[in-house]
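One letter stands for each residue in the lines below.
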Amino acid sequence: MAKNVSKLNTKIWLSSPHMSGHEKKFIKEAFKTNWIAPLGPNVNGFENDLENYLGNKVHVAALTTGTAAIHLALVLLNVKQGDEVICQTKTFAASVNPVTYLGAKPVFVDSERETWNICPELLEHTIKDRIKIGVKPKAIIVINLYGMPYKVKEINAISKKYNIPIVEDSAEALGSSYFDQKCGTFGDMSILSFNGNKIITTSGGGALVSKNKELKSKIIYLATQAKEPGLEYSHVTTGYNYRMSNILAGIGRGQMEVLDNYVELRRNNFKYYLKQLSAINEISFLNEPEGFYSNRWLTCIIFQTNKMRDDILKMLELNNIEARPSWKPMHLQPVFKNYPKYLNGVSDDLYKKALCLPSGSNLTKIELDRIIKLIKQYFE
Ligand SMILES: *Cc1c(COP(=O)(O)O)cnc(C)c1O
């Protein structure tokens, strides 16, 4: 009885880690063999698992974070001080921060409404305008936001036409696909994240996905302090300490065994919210366009007004439920306010009206019903 009562008000998280139990066997093995460090079988195993899962002949290097993966991708694309890099404005700051680590300048581009990702027309307009001004952008950072694939065909055609490479930020979209090809394979380089709130987690971690073996070797070289072969500590270029640990990769291997199941569970959360809330006229959902398959990392709903969204956000918080406004666009962030931006109003509008609901693969039906009941009550 007491147990049931306390459950009524337990915290419901937005997206919390969900261990399956399989993780422990890989960690135990690492302890048993004292393979705590350096790189070891779990790192190779985790990379193999990811390569097999993503298909499309990609090569994966496991790194400390998704942010580190973006940083290295930009280094390998030769982004330097004073260069410009185009970036979707509707994202989390980690997509953009590495641009400024390199002394380069982000140029923000707004989204389209169908996927919330970078708008093809506005992207092409931006490239033409930057070229006219006299600076050709060095790269385009595109996001698969909340797990929804970006408009790959249109965006990749523009990348090809102007010969500007794509860094695909797939931190939120492991398990998503676009016409049956997995997200994380569409950029010239793509990144993944295994941070604590993502669909699978290594507690903290990331990966850089590339198209060939030579590039993967180069990534690993840069990620291990750019040490030249041989016993001497010899360096000819700046290196980084960005490699994933063998213990954390063990967690990743266990998580890979349940990834498809977690995608299904998150998609079921979305379907349940849709079924229960779609009768409310003031709420709308983000549908998958034909051929788009989202892992539904987070279910986001859009309210008719900013006030409704803020009321519900506050009400959920009072009930010990963690919901969040959708990402605040980068062009509105004080830290990025002086950089060029090309806007169409979409990201500003979504920022005011969209709400991310608890979406973990470990949510129970009781928890989902608790959330849904509160939202329904507001509109009664
Ligand atoms: C989580 C996230 C990242 C960063 O990943 P870390 O592993 O936390 O560094 C980058 N981009 C987006 C869109 C993210 O959601």
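Residues numbered from 1 in each chain as written. Predicted model: local features only at pLDDT ≥ 70, side-chain atom pairs only at ≥ 80, totals over all residues. Heavy atoms only, no water.

- The name given to the protein in an unreviewed UniProt entry is dTDP-4-amino-4,6-dideoxygalactose transaminase, with the source organism recorded as Xanthomarina spongicola.

1. Let's talk about the site of the ligand
1) Next: What surrounds the ligand is a group of 15 residues, the closest being Thr67, Asp169, Glu172, Ser193 and Lys198.
2) Next: One of the side-chain nitrogen or oxygen atoms of Asp169 is found 2.7 Å away from a nitrogen atom of the ligand.
3) Next: In the environment of the ligand, an oxygen atom lies 2.7 Å from a nitrogen or oxygen atom belonging to the side chain of Ser193.
4) Next: Its free accessible area being 380 Å², the ligand has 94% of it covered by the protein chains.
5) Next: Along the lines of polarity and charge, the residues of the shell around the ligand split into four nonpolar, eight polar and three charged. (Near = heavy atom within 4 Å. Polar contact = N/O pair within 3.5 Å; in protein donor to acceptor, adjacent residues only side chain to side chain. Areas by Shrake-Rupley, 256 points an atom, 1.4 Å probe, with all protein chains shown as cover. Nonpolar A, V, L, I, M, F, W, Y, C, P; charged D, E, K, R; others polar.)

2. Observations regarding the packing of helix H6 (residues 120-133) against helix H7 (residues 152-162)
1) Next: Look at H6 against H7: their axes get within 9 Å of each other, and the N-to-C directions meet at 20°. Compared by their axis directions, H6 and H7 come out roughly parallel. H6 and H7 meet at a crossing whose hand is right-handed. Of H7, the residues touching H6 (which contributes Pro120, Leu123, Glu124, Ile127, Lys128 and Ile131) are Glu154, Ile155, Ile158, Lys161 and Tyr162.
2) Next: Of the residues in the contact of H6 with H7, the class split is seven nonpolar, no polar and four charged. (Axes fitted to C-alpha atoms, helices over the stretch in contact; angles between N-to-C directions. Helix = DSSP H or I, 4+ residues; strand = E, 2+ residues; numbered from the N terminus. Parallel < 35°, antiparallel > 145°, perpendicular 65-115°, else oblique. Left-handed = near helix turned anticlockwise from the far one by under 90°. Contact = heavy atoms within 4.5 Å.)

3. Description of the sheet that holds strand S1 (residues 59-63)
1) Next: Taken together, the eight strands give an open sheet; going across it, the order is S1-S9-S8-S5-S4-S2-S3-S14, and neighbouring strands pair in mixed fashion. Each edge of the open sheet carries a strand with a single partner, namely S1 and strand S14 (341-342).
2) Next: Both strand S3 (residues 105-109) and S14 contribute to a ladder of two bridges, which runs parallel. Its bridge partner lying in S14, Val109 is registered against Tyr342.
3) Next: Where helix H3 (residues 41-54) meets the sheet, its contacts fall on S1, strand S8 (189-193) and strand S9 (206-210), and the angle it forms with S1 comes to roughly 135°. (Pairing = 2+ DSSP bridges.)

4. Thoughts on the UniProt feature "modified residue: N6-(pyridoxal phosphate)lysine" (unreviewed entry) in the protein
1) Next: Here, UniProt's "modified residue: N6-(pyridoxal phosphate)lysine" (unreviewed entry) annotation points to Lys198.
2) Next: For Lys198, the position within the fold is in the loop between S8 and S9.
3) Next: Looking at Lys198, the relative accessible area reads 10%, which means it is buried. (UniProt positions renumbered as here; feature names shortened; annotations may be inferred. Buried < 20%, exposed > 50% of the residue type's maximum accessible area, 1.4 Å probe, protein only.)

5. A look at unusual backbone geometry
1) Next: The backbone phi angle of Asn78 is positive, close to 65°, even though this residue is not glycine.
2) Next: For Asn78, the position within the fold is in the loop between helix H4 (66-76) and strand S2 (84-88).
3) Next: Even without glycine at this site, Phe179 takes up a positive phi of about 45°.

6. Some remarks on the domain arrangement of the protein
1) Next: Per the domain assignment, the segments of the protein are domain 1 (23-256) and domain 2 (259-379).
2) Next: The C-alpha centroid of domain 2 is placed 25 Å from the C-alpha centroid of domain 1.
3) Next: Residue-level contacts link 49 residues of domain 1 with 41 residues of domain 2.
4) Next: Buried area between domain 1 and domain 2, summed over both chains or domains, comes out near 4000 Å², and the portion from carbon and sulfur atoms is 63%.
5) Next: Looking only at domain 1, the three residues that lose the most surface to domain 2 are Trp116, Tyr146 and Ile199, adding up to 20% of its buried area.
6) Next: For the pair domain 1 and domain 2, the interface holds one salt bridge.
7) Next: Among the ionic pairs, Asp349 bridges to Arg113, the shortest N-O distance being 3.1 Å.
8) Next: Mapped onto the side of domain 1 that touches domain 2, the elements with two or more residues apiece are helix H5 (97-101), S3, H6, strand S6 (177-178) and helix H9 (246-256).
9) Next: No other element matches H6, which puts six residues into the side of domain 1 that touches domain 2.
10) Next: Of the residues belonging to the side of domain 1 that touches domain 2, the class tally is 24 nonpolar, 14 polar and 11 charged. (Domains from an automatic or database assignment. Buried area = accessible area lost by both parts, 1.4 Å probe. Salt bridge = Lys/Arg side-chain N within 4 Å of Asp/Glu carboxyl O.)

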